[in-house]
Amino acid sequence: MPRPITKAVIPAAGMGTRFLPATKAMPKEMLPVVDMPAIQYVVEEAVAAGLHDVLMITGRNKTALENHFDKVGELEQALLAKGDAEKLEKVRRSTDLADVHYVRQGDPLGLGHAVLRARMHVGDEPFAVLLGDDIIDSRDVLLARMLEVQAQRNTTVIALLEVDPSVAHQYGIATVEPTDDPDLVRITSLVEKPAPGTAPSNLAVIGRYVLRPEIFDILEATPPGKGGEIQLTDALQALATGPEWAGGVYGVVFRGRRYDTGDRLDYLKAIVQLASDRDDLGPDFRAWLKPFAAGLSDTVPADGMLTEP
Ligand code: G1P
């Protein structure tokens, strides 16, 4: 039996320019999704799948991330003194959640380069990579299934989602063939962000990967690709079409709920969807949202202000 995977790598070095000015002095991973920073959803997901050793690949301006997962004694004392057990539990949760480590990326040379920075920490064992822009609903299973496939086949596993062809150019896109498992496909090729209208399929790579340590050697040899960056997709393409001993690349086709917090519109949608489903906020939020949405017209009012119904 192979040893269970315990390490998760979370690249978090991006500058978050799409969210300026909010991200001028604050990492985009700290943007709240309802009342929890986006990054904590991702760490929660890793831990729920048994990955307690988390390595974040960070950059300049990311100290708020480290502070979030650190202990804040004076805040705990204040909440203890007030007897506010509920908030105390929330504050302690991010500290106790996982064993979080940090390494800086240095030069921003792309996702493949960020993953390569995990080499020393990961060593010679399989590991998971979780991208912070993608939040997977905790009620739906993805990472656990990917880990199961990795254990069964000792292979590389990526997550795929069927997307509308009009947005395929925003993703890594896979060409696949079926396996005996309905949710599992074998990858025959991968292309990073194909030009609009040229995508070979509508199966998009979403931000969850279970990788074997061989990926590091391949990344070392991967030349800059799309956008002049070292692309993880290109290294996976080399693996998918590489020698048989490398085990190929498999894709788990995810049919659950995924929220994209990477751009402003999708971020807003994620907050509305997640808040609507919450036990505490959902009932009141939905009661307000329904008539609000029903009263919306197709155009923004001339003064740019929307009034409550
Ligand atoms: C990255 C990957 C891309 C993948 C996407 C998923 O792109 O390079 O292959 O489809 O994440 O979110 P990014 O969105 O970081 O530009």
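In the block above lies the structure referred to throughout.
Residues numbered from 1 in each chain as written. Predicted model: local features only at pLDDT ≥ 70, side-chain atom pairs only at ≥ 80, totals over all residues. Heavy atoms only, no water.

On a plain count of helices and strands, the protein chain comes out with eleven helices and 13 strands. Taken along the three principal axes of its C-alpha coordinates, the protein chain extends 60 × 50 × 40 Å. In the protein chain, which comprises 309 residues, the proportion classed as buried is 45%. (Helix = DSSP H or I, 4+ residues; strand = E, 2+ residues; numbered from the N terminus. Buried < 20%, exposed > 50% of the residue type's maximum accessible area, 1.4 Å probe, protein only.)

This brings us to the site of the ligand. Residues in close proximity to the ligand include Leu111, Leu131, Asp134, Tyr171, Gly172, Glu192, Lys193, Val205, Gly207, Tyr209, Gln231 and Thr233, which together make up its full environment. Separating an oxygen atom of the ligand from a backbone N or O atom of glycine 172 is a distance of 2.9 Å. One nitrogen or oxygen atom from the side chain of lysine 193 is found 2.5 Å from an oxygen atom belonging to the ligand. Coverage of the ligand by the protein chains reaches 79% of its 380 Å² of free accessible surface. Looking at the shell around the ligand element by element, the count peaks at three residues for strand E11 (residues 203–211). (Near = heavy atom within 4 Å. Polar contact = N/O pair within 3.5 Å; in protein donor to acceptor, adjacent residues only side chain to side chain. Areas by Shrake-Rupley, 256 points an atom, 1.4 Å probe, with all protein chains shown as cover.)

The subject of this paragraph is the pairing of strand E12 (residues 249–253). Burial runs high along E12: five of the five residues are buried. Of the two faces of E12, both are covered, the one formed by Val249, Gly251 and Val253 as well as the one formed by Tyr250 and Val252. Bridge count for strand E8 (residues 156–162) against E12 is five bridges, and the pairing is parallel. Paired with valine 157 across the strands is tyrosine 250, a residue of E12. Bridge count between strand E10 (residues 184–192) and E12: three bridges; the pairing is antiparallel. Opposite arginine 186, over in E12, you have tyrosine 250 as the bridge partner. (Pairing = 2+ DSSP bridges.)

This part covers the environment of phenylalanine 254. Relative to the helices and strands, phenylalanine 254 is located in the loop between E12 and strand E13 (258–260). Once the C-alpha coordinates of phenylalanine 254 and isoleucine 158 are considered, the two residues, 96 residues apart in sequence, prove to be 10 Å apart. Beyond its immediate stretch of four places on either side in the chain, phenylalanine 254 contacts Ile136, Asp140, Val141, Leu142, Leu160, Leu161 and Ile206. (Contact = heavy atoms within 4.5 Å.)

Attention now moves to the pairing of strand E4 (residues 53–58). Most of E4 sits inside the fold, with six of its six residues counted as buried. Sheet analysis places strand E1 (residues 7–11) next to E4, joined by five bridges and oriented parallel. Counterpart to alanine 8 in the pairing with E4 is valine 54. Bridge count for E4 against strand E5 (residues 99–104) is six bridges, and the pairing is parallel. In the strand pairing of E5, isoleucine 57 is matched with valine 103.

So, on to the pattern of salt bridges. For the structure on display, the rule yields 27 salt bridges. Its salt-bridge partner being aspartate 133, residue lysine 28 comes within 3.2 Å of it at the nearest N-O pair. Placement of the pair is lysine 28 in the loop between E1 and strand E2 (32–33) and aspartate 133 in the loop between strand E6 (127–130) and strand E7 (134–136), with a sequence separation of 105 residues. Because the salt bridges share partners, they merge into one network encompassing Asp137, Arg139, Asp140, Arg257 and Asp277. (Salt bridge = Lys/Arg side-chain N within 4 Å of Asp/Glu carboxyl O.)

What follows covers the packing of helix H3 (residues 73–82) against helix H4 (residues 85–96). For the pair H3 and H4, the least separation of the axes is 9 Å and the interaxial angle reads 160°. Compared by their axis directions, H3 and H4 come out roughly antiparallel. Seen along the crossing, H3 lies across H4 with a hand that is left-handed. Residues Leu75, Glu76, Leu79 and Leu80 of H3 form the contact with H4, whose own contacting residues are Lys87, Leu88, Val91 and Arg92. Of the residues assigned to the contact of H3 with H4, the class counts are five nonpolar, no polar and three charged. (Axes fitted to C-alpha atoms, helices over the stretch in contact; angles between N-to-C directions. Parallel < 35°, antiparallel > 145°, perpendicular 65-115°, else oblique. Left-handed = near helix turned anticlockwise from the far one by under 90°. Nonpolar A, V, L, I, M, F, W, Y, C, P; charged D, E, K, R; others polar.)

This brings us to the nonpolar core. Core analysis: the biggest nonpolar cluster contains 40 residues, and Val43 and Met56 have the highest contact counts within it. Counting residues per element, the ones that place at least two in this core are E1, helix H1 (38–48), E4, E6, helix H7 (143–153), E8, E11 and E12. It is H1 that contributes the most residues to this core, five residues altogether. Setting aside residues no more than four positions away along its own chain, valine 43 makes contact with Ile10, Val54, Met56, Phe69, Leu97 and Ala98. The next biggest cluster of nonpolar side chains, apart from the first, holds 35 residues, and it includes Val103, Val115, Tyr209 and Leu219. (Core = buried A, V, L, I, M, F, W, Y, C linked by side-chain atoms within 4.5 Å.)

If you walk through the whole model with that rule in mind, you get four aromatic pairs. Consider the rings of phenylalanine 127 and phenylalanine 216, whose centres lie 5.2 Å apart with planes at 5°: the pair is stacked. Note that phenylalanine 127 is positioned in strand E6 and phenylalanine 216 in helix H8 (residues 214–220), a separation of 89 residues in sequence. With respect to class, phenylalanine 127 is no different from phenylalanine 216; both count as buried. An angle of 20° between the planes, with centres 6.0 Å apart, marks the rings of phenylalanine 285 and tryptophan 288 as stacked. Residue phenylalanine 285 and its partner tryptophan 288 are located together in helix H11 (residues 282–294), separated by three residues, close to a single helical turn. For phenylalanine 285, a relative accessible area of 23% translates into the label partly exposed. (Phe/Tyr/Trp six-rings, centres within 6.5 Å; stacked < 30°, edge-to-face > 60°.)

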